[in-house]
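Here is how the chains run, residue by residue.
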Amino acid sequence: MGMSVGASGGRGGRGHRRRGRHHALMSEINVTPMVDVMLVLLIIFMVAAPMLTVGVPIDLPDTQAKAMNADTQPITVSIDATGKIFLQETEIPMDELVAKLQAISKTGYEERIFIRGDKSTDYGTAMKVMARISAAGYKNIGLVSLQEQDQ
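The chain is annotated in an unreviewed UniProt entry as Protein TolR from Mesorhizobium erdmanii. UniProt, in the comment section headed Sequence similarities (unreviewed entry), describes the chain in these words: "Belongs to the ExbD/TolR family."

**Structural notes on the pairing of strand β6 (residues 141–144)**
Of the strand pairs in this sheet, strand β5 (residues 113–117) and β6 are connected by four bridges, and their pairing is parallel. Within β6, the position partnered with Ile113 by the bridge is Ile141. A crossover connection joins β5 to the parallel β6 through helix α3 (residues 123–135); in handedness this β-α-β unit is right-handed.

**Considering the side chain of Asp80**
Within the secondary structure, Asp80 sits in the loop between β2 (75–79) and β3 (85–87). Reaching out from Asp80, the side chain makes a polar contact with the side chain of Thr82 at a distance of 2.9 Å.

**Concerning the sheet that holds β3**
Spatial strand order, β4-β3-β2-β5-β6: five strands in an open sheet with mixed pairing. Lying at the two open borders of the sheet, with one neighbouring strand each, are β4 (90–92) and β6. When the angles between neighbouring strand axes are averaged without regard to direction, this sheet yields 30°. The pairing of β2 with β5 spans five bridges and is parallel. Residue pairing across strands places Ile75 opposite Ile113, the latter belonging to β5.

**Some thoughts on the nonpolar core**
Nonpolar side chains in soluble globular proteins tend to end up buried together. In terms of nonpolar packing, the biggest core is built from 16 residues, with Val77, Leu97, Leu101, Ile113, Val129 and Ile133 touching the most fellow members. Taken together, the elements giving at least two residues each to this core come down to β2, β3, α2 (97–104), β5 and α3. Residues contacting Val129, with those up to four places away along its chain left out, are Val77, Ile79, Ile85, Met94, Leu97 and Ile115.

**Things to note about the pairing of β2**
Judged by how many residues are buried, β2 sits mostly within the fold: five of five residues are covered. The alternating pattern of β2 places Ile75, Val77 and Ile79 and Thr76 and Ser78 on opposite faces, both of which are buried. Summarising the sheet, β2 and β3 pair through three bridges and their orientation is antiparallel. Each bridged residue has a counterpart across the sheet, and for Val77 the counterpart in β3 is Leu87. Between β2 and β3, which follow one another and run antiparallel, lie five residues, and Gly83 among them has a positive phi close to 95°.

**Here's the deal with unusual backbone geometry**
Even without being a glycine, Gln88 presents a positive backbone phi close to 60°. Of note, Gln88 is situated in the loop between β3 and β4. Accessibility expressed as a relative area gives 31% for Gln88, which makes it partly exposed.

**Concerning α3**
Every α-helix winds through 3.6 residues per turn, so residues three or four apart in the chain are directed the same way. Between its first and last C-alpha, α3 extends 18 Å over 13 residues, near the 18 Å set by a 1.5 Å rise per residue. Those residues of α3 that fall on the buried side of the exposure criterion are Thr125, Ala126, Val129 and Ile133. In a view along the axis of α3, the buried residues occupy a sector of 100°, so they form one face of it. In α3, the exposed positions angled more than 90 degrees off the buried face are occupied by Tyr123, Lys128 and Ala135. Looking at the buried positions of α3, the neighbouring elements they touch are β2, β3, α2, β5 and β6. Following α3 by one or two positions, Gly137 adopts a phi angle in the positive range, close to 115°.

Parameters at a glance
Residues numbered from 1 in each chain as written. Predicted model: local features only at pLDDT ≥ 70, side-chain atom pairs only at ≥ 80, totals over all residues. Heavy atoms only, no water. UniProt positions renumbered as here; feature names shortened; annotations may be inferred. Pairing = 2+ DSSP bridges. Helix = DSSP H or I, 4+ residues; strand = E, 2+ residues; numbered from the N terminus. Right-handed = clockwise from strand over helix to strand, strands pointing away. Polar contact = N/O pair within 3.5 Å; in protein donor to acceptor, adjacent residues only side chain to side chain. Axes fitted to C-alpha atoms, helices over the stretch in contact; angles between N-to-C directions. Core = buried A, V, L, I, M, F, W, Y, C linked by side-chain atoms within 4.5 Å. Buried < 20%, exposed > 50% of the residue type's maximum accessible area, 1.4 Å probe, protein only. Contact = heavy atoms within 4.5 Å. Expected span 1.5 Å × (residues − 1). Arc of directions from axis to C-beta.

Structure representation (structure tokens):
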């Protein structure tokens with residue numbers, strides 16, 4: 001397949017350009033690559049967001065309660081299935097819990113404290129933890145659960 005290029009003035013030659021009419025430069029921005037990058041970033045953040053929660057593996061119970069709006073990051077006390085207690089992500093013994101809370105509390109006794117307990121956690125252990133925190137003077141204590149899924 002060949003094509004002849006000549007000065008004959010026909011449709012394929014140089015004489016096809018009309019005088020006085022020059023092709024203007026394209027001044028539009030091609031947004032397709034930007035959209036592709038944004039979609040990739042969206043997928044990355046959608047996958048990474050669930051992994052940014054507290055690192056103690058706990059199987060939370062389901063409830064029908066609505067999610068709370070949070071302005072600041074609360075202190076999290078977690079109790080796993082074996083009864084181990086974690087302050088944020090660090091395992092601590094029960095008798096050091098109040099001292100550690102007082103050390104990391106920024107707003108004093110008004111600090112929000114969330115207690116996360118595994119489904120199979122002993123109820124007595126969870127109540128002991130809540131009682132110690134409450135007896136120390138903290139009044140803003142909440143229990144964390146997963147929202148119940150309609151099936």
